[in-house]
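Below, each chain spelled out in residue letters.
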Amino acid sequence: MTTTDTATRTPLIELREVSKSYGNVKALQGVSLEVHAGEITCVLGDNGAGKSTLIKIVAGLHQHDAGSLTIEGEEARLGSPREALDRGIATVYQDLAVVPLMPVWRNFFLGSEPRKGRGPFKRLDVETMRRTTRAALLRMGIDLRDVDQPIGTLSGGERQCVAIARAVHFGAKVLILDEPTAALGVKQSGVVLKYVAAARDAGLGVVLITHNPHHAHLVGDRFVLLKRGTMAGSHLKSEIALDELTRQMAGGSELEQLSHELARPTEPVEKDAAGEV
Amino acid sequence: MSADAPPVTKDDRLVRRSLPRRLAGRPELGAIVGAIAVFVFFSVVADSFLQWSSFSTVLYAASTIGIMATPVALLMIGGEFDLSTGVMVTSSALISSMFSYQMTANVWAGIGVSLLATLAIGFFNGFLLVRTGLPSFIITLGTFLILQGCNLGFTKLISETVSTKTIADMEGFPEAHKVFASHLTIGDVDLQVTVLWWLGLVALATWILLRTRAGNWIFAVGGAKEAARAVGVPVNRTKIGLYMGVAFAAWISGQHLLFNYDVVQSGEGVGNEFLYIIAAVIGGCLLTGGYGSAIGAAVGAFIFGMANKGIVYAQWSADWFKFFLGAMLLLATMLNWWVRKRAEAAK
């Protein structure tokens, strides 16, 4: 991926100098980012960096105060999640992706249920719903035993995958993933990242919110670093190595300070506090 | 799930679950087991319990609770409470009666006005809930007290007693009586028309819950409101709709109350809201929302009917009814909880 290549295409979503305040708290200040089809844009930042606020603006849950949000070159302001969905922007939230007590197939079609019949006899097309759910999951490489089981009985990773498959099935152009790997183990995280890559290969523009630079660097094409509501950096994959991304993400100089403070008085520090790679 | 599993052609991991196991996953199971237990119990202790006439009495008692328990169950699946239901029934009857009497109108005019007014009360409950975001417990406790006050206050103000004037001699009364409070005889069984209203509502509610988009939304707003909103479910409209459904059933119950006796006592209905909730909970509705069934609530209402009349047939003091109801509620809830644990563990 080169810069000239992406500069000529209109991004699916472009945020320019976007700001948002809650009362007197400035949650986000002058943040810019681009999302292109078939690419993964990673938004990295520590807790409270403004990641959630950023995605809520793109997902239609909140509106920005300043700056511009353009969707396929068109200035937009999203009033509700429904509106965002209608513009092809689907969001998968870490904790509220699904309704746990409902069967997988009901969850899959929730909010966009296919119906048959007419007038007062309009009803859910249950057979199609079941069949389509199974097929759509299989296409993403998810092989589920029983689409009738409550989705709460699936593992966290599987639930994320069903939500991703749902977004792909409903023709989303942009997929926003809020910390999809945060609560998962190493193996489950790998599985989820594979489906993220599968969504990218299906031609979607993906926004991956994470505070794990290792996961981000594995799949990301662009990286936006947030720090206390402002943009701390914006890089293409070709411009930044994992070490540097990890260092910036972990706070750079703050980390050196921390390693200094944590160092044993006599022995030298053996490892970087950011951990092994 | 394993990501690198080979593409599966036929799913052999899916073991066909046995019938008892599949039944155990249904919300109604606890209620059905409870209903059988109560039925056997009263069949043994009360000789006259097994007669057809007793059966129709039990059905009638069940229907008066069941008509309301059905939409209350839907509301609870949708994650909300309504404490104003008991007095709302009385309000609906009072509005109908007093409008017809004061305007000397055809009773059907009163019935129509009552429908609109009761639906408006339901809308008010729902609207306040979604606008303020306060717990439904508080909001409907407020409307409960307001309605109770209005019922007594307006009745005394207008009729100068605590009950309404009789409307039995007014135009349209015989027809309305037929619709809301008549008997039909099928074979040996004498059926109150409320039983038909009840069964109709249960069928409608079950169809809505399991086979329509609205039903999907009801489960979703009760199970995980924010997740539902995020995927585009109209949460507010669904909740307001549920409250208006409760109001609609309150209107049916109210009209029965009026046309069964032709006068209405303004203080009636207080405490009934708990009976409706109890029937829904015995029927498998979770207090936290997102789980339950209309058929379960119907079985819950049937248990209520059997207990209510069974005590009479057993020639015990009716004072013990509440004790029985409380014990039943605890047992059924524990049974439901236990069954659900077992069902989940068996997966």
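Our structure is the block above this text.
In this text, all values refer to a predicted model and were calculated from it rather than measured experimentally.

Considering the overall build of chain B
At step 1: The helix and strand inventory of chain B stands at 14 helices and two strands.
At step 2: A globule of 347 residues ought to have a C-alpha radius of gyration of about 20 Å, and chain B, at 22 Å, matches this closely.
At step 3: Principal-axis analysis of the C-alpha atoms places the extent of chain B at approximately 80 × 55 × 35 Å.
At step 4: Here chain B, with 347 residues, has 50% of them falling under the buried criterion.
At step 5: In chain B, the proportion of contacts linking residues at least 24 apart, taken out of those at least 6 apart, comes to 77%.
At step 6: Carbon and sulfur atoms provide 67% of the accessible area of chain B, an area that totals close to 15,900 Å².
At step 7: Distance from the positive charge centre (23 side chains) to the negative charge centre (19 side chains) of chain B: 13 Å.

Section: the pattern of salt bridges
Residues and elements named next belong to chain A.
At step 1: Taken as a whole, this structure holds 13 salt bridges over all chains when the rule is applied.
At step 2: Across the pair Arg-222 and Glu-39 runs a salt bridge whose closest N-O atoms are separated by 2.9 Å. You can see Arg-222 sitting in strand S11 (residues 222-227) and its partner Glu-39 sitting in the loop between strand S2 (25-35) and strand S3 (40-45), a full 183 residues away along the chain. Take Arg-222 and Glu-39: they sit in the same class, and that class is buried.

A few points about the nonpolar core
At step 1: Ranked by size, the top nonpolar core spans 99 residues in total, and within it Leu-110 of chain A together with Trp-198 and Phe-259 of chain B carry the most contacts.
At step 2: When residues of this core are assigned to their parent elements, the largest contribution, 13 residues, is made by helix H3 (residues 52-77) of chain B.
At step 3: Other than its neighbours up to four places away in sequence, Phe-259 of chain B contacts Val-107, Ile-111, Ile-167, Phe-173, Ala-176, His-177, Phe-180 and Ala-181 of chain B.
At step 4: Core analysis: the second largest hydrophobic core is formed by 47 residues, Ile-151, Val-191, Leu-193 and Leu-208 of chain A among them.

Some points on the interface of chain B and chain A
At step 1: Between chain B and chain A, the contact holds 32 residues from the first and 34 residues from the second.
At step 2: Summed over the shared surface of chain B and chain A, the result is zero salt bridges.
At step 3: In this structure, the connection of chain B to chain A is made through five residue pairs in polar contact (both at pLDDT 80 or more).
At step 4: Secondary structure elements with two or more residues in the side of chain B that touches chain A: helix H8 (193-211), helix H9 (213-223) and helix H10 (225-230) of chain B.
At step 5: A total of six residues in the side of chain B that touches chain A trace back to one element, the largest contributor, which is H9 of chain B.

Section: the packing of aromatic side chains
Residues and elements named next belong to chain B.
At step 1: According to the stated counting rule, one finds 23 aromatic pairs over all chains in the structure shown.
At step 2: Measuring from ring centre to ring centre gives 6.5 Å for Phe-55 and Phe-302, while their planes differ by 70 degrees; the resulting arrangement is edge-to-face. Here the residue Phe-55 occupies a position in helix H3, and Phe-302 occupies one in helix H13 (residues 294-313), the gap between them amounting to 247 residues.
At step 3: Relative accessible area serves as the criterion here: at 31%, Phe-55 is assigned to the partly exposed category.
At step 4: Both rings, one in Phe-304 and one in Phe-321, keep their centres 5.4 Å apart while their planes meet at 75 degrees; by these two values the pair is edge-to-face. Taken together, the residues span a long stretch of sequence, with Phe-304 in helix H13 and Phe-321 in helix H14 (residues 321-345) at a distance of 17 residues.
At step 5: On the basis of relative accessible area, Phe-304 is assigned to the buried category, the value being 7%.
At step 6: By relative accessible area, which is 10% here, Phe-321 ends up buried.
At step 7: Among the aromatic residues, ring-to-ring pairing joins Phe-39, Phe-41, Phe-42, Phe-49, Tyr-313, Trp-316 and Phe-324 into one connected group.

Calculation rules
- Residues numbered from 1 in each chain as written.
- Chains lettered and ligands numbered in written order.
- Predicted model: local features only at pLDDT ≥ 70, side-chain atom pairs only at ≥ 80, totals over all residues.
- Heavy atoms only, no water.
- Helix = DSSP H or I, 4+ residues; strand = E, 2+ residues; numbered from the N terminus.
- Rg over C-alpha atoms; globule rule 2.2 N^0.38 Å.
- Buried < 20%, exposed > 50% of the residue type's maximum accessible area, 1.4 Å probe, protein only.
- Contact = heavy atoms within 4.5 Å.
- Areas by Shrake-Rupley, 256 points an atom, 1.4 Å probe, with all protein chains shown as cover.
- Lys, Arg positive; Asp, Glu negative; His and termini not counted.
- Charge placed at Lys NZ, Arg CZ, Asp CG, Glu CD.
- Salt bridge = Lys/Arg side-chain N within 4 Å of Asp/Glu carboxyl O.
- Core = buried A, V, L, I, M, F, W, Y, C linked by side-chain atoms within 4.5 Å.
- Polar contact = N/O pair within 3.5 Å; in protein donor to acceptor, adjacent residues only side chain to side chain.
- Phe/Tyr/Trp six-rings, centres within 6.5 Å; stacked < 30°, edge-to-face > 60°.

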